[in-house]
Every structure is written in C-alpha cells, then in structure tokens.
Amino acid sequence: MLDIKVGELTEQIQAAQNIRQEVFCKEQSIPCELDQDGLDNQSLHFLVYDDIKAIGTARLTIQGHQAILARVAILENWRGRGIASRVIRAALESAKQNKQIGKILVHAHCYLQSYYEKFGFQYIRDCEIVGEHPLVEMQLVVKRPIS
C-alpha cells in the first residue's frame, strides 16, 4: 500500500534528495549541483512510500503569496502507476489550504506541459534549460470560494 508523508525533517529531505539524485542526476544527466538549489530546508517534502521505502517525491516551497511545485520524481520501477499524479495532487491540496497562496508555479519539462494542464496549470512562457532539458513556466491560480 502506498502512503504519502509530508514533512521537512532532515531524514525526509535526505530521502527526497536520494530519489532526485537517482532520477535527475543519473537518469536524466542533470548536474547534481543544479538540483541542490538551497531551498530544501525551507520547503515541504512530499514522499511516497511503499511500506518503508521512499519511491517518489515532490517539493513545495512557499514564497510570499505563491507556492512553487518542484522536484517531482518517481523511481523508474514505479512509473506508470499514477504515483506522480498522486504526489502532485497532495502538494497542490496542501498549497490550496494555505489561505495566503494566490498561485502555484511549476517549471516543467516542455514535454510535460499537457500533463500539468490536466491539473489546471496554464502555460506562461518558455523559461530555461536545465542540463539539456528545456523547461516551461506554468501557473495555477488558486480560486477561493466567495464568502
């Protein structure tokens, strides 16, 4: 049974970094120093566990009135089972519960643009190349019920 845990403890950050190193650095050949951006200690980490093993992660960083969804990674043997969607939905729900958040940003691989659109994200612009991977900036405006 898969379980999602959220936190910012040292061991959770380390588990997230281990998954990201496997996926981003080893598989996608993204230099590890680009993944280590200094935001891990001030972010919430969403970890997907299969019993006791962490198999997927996403990171949510709150900056003022916006949240940044980043570092979504699922270990190769676990892909294709909807795990990324589950961890993304958990991160988005967490951001939406914060009354200060007006929008959620993501910098996604270009080929994932339509995937993130399914969650309500809208394309803003082409933004950067990380390693050899072009990214797009997208945003999801948080709609609040009218009281």
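Scope of this entry: the structure provided in the associated data block. Just so you know, the residues in each chain are numbered from 1, in the order the chain's sequence is written. Confidence filtering applies because this is a predicted model: local features only for residues at pLDDT of at least 70, side-chain atom pairs given and counted only at 80 or more, and all residues used for totals across whole chains, interfaces and linings. Excluding hydrogens and water, the side-chain values take into account all heavy atoms of the structure.

1. Focus: the pairing of strand 5 (residues 103–109)
Thought 1: Across the seven residues that make up strand 5, a large majority, five, are buried.
Thought 2: Two strands pair if DSSP finds at least two bridges between them. Strands are runs of DSSP state E lasting at least 2 residues, helices are runs of H or I lasting at least 4, and numbering of each runs from the N terminus. As paired elements, strand 4 (residues 66–74) and strand 5 share four bridges and run parallel to each other. The residue bridging A67 from the neighbouring strand is I104, located in strand 5.
Thought 3: The path from the first strand over the helix to the second decides the hand: if it runs clockwise while the strands point away from the viewer, the crossover is right-handed. Taken together, strand 4, helix 3 (residues 83–97) and strand 5 form a β-α-β motif whose crossover is right-handed.
Thought 4: Bridging between strand 5 and strand 7 (residues 133–141) involves seven bridges; their strand directions are antiparallel. When the bridges of strand 7 are listed, A108 appears paired with V136. Exposure categories follow from relative accessible area, calculated using a 1.4 Å probe and restricted to protein chains: below 20% of the type maximum is buried, above 50% is exposed, and the middle band is partly exposed.

2. A few points about the packing of aromatic side chains
Thought 1: Pairing of aromatic rings covers Phe, Tyr and Trp, the last through its six-membered ring, and needs centres within 6.5 Å; plane angles under 30 degrees mean stacked, over 60 mean edge-to-face, and all others mean tilted. Per the counting criterion, the structure on display carries four aromatic pairs.
Thought 2: Each ring, one from Y116 and one from F119, has its centre 6.3 Å from the other, and the planes form 45°; the classification is tilted.
Thought 3: For Y116, a relative accessible area of 5% puts it in the buried group.
Thought 4: F119 gets classed as buried once you look at its relative accessible area, which sits at 15%.
Thought 5: Ring geometry for Y116 versus F121: centroids 5.7 Å apart, planes at 90°, classification edge-to-face. For the pair shown, Y116 and F121 are each scored as buried.
Thought 6: Through a chain of ring-to-ring contacts, three or more aromatic side chains come together here, namely Y115, Y116, F119 and F121.
Thought 7: Remark: a charge is flagged as sitting over a ring if the NZ atom of Lys or the CZ atom of Arg is within 6 Å of the ring centre and within 35 degrees of the ring normal. Just above the ring of Y49 sits the side chain of K5; from NZ or CZ to the centre is 5.0 Å.

3. A look at unusual backbone geometry
Negative phi is the rule for most residues except glycine; trans is the rule for most peptide bonds.
Thought 1: With a phi close to 60°, D51 is a non-glycine residue in the positive phi region.
Thought 2: The topology assignment puts D51 in the loop between strand 2 (44–50) and strand 3 (53–63).
Thought 3: Note on D51: relative accessible area 59%, which makes it exposed.

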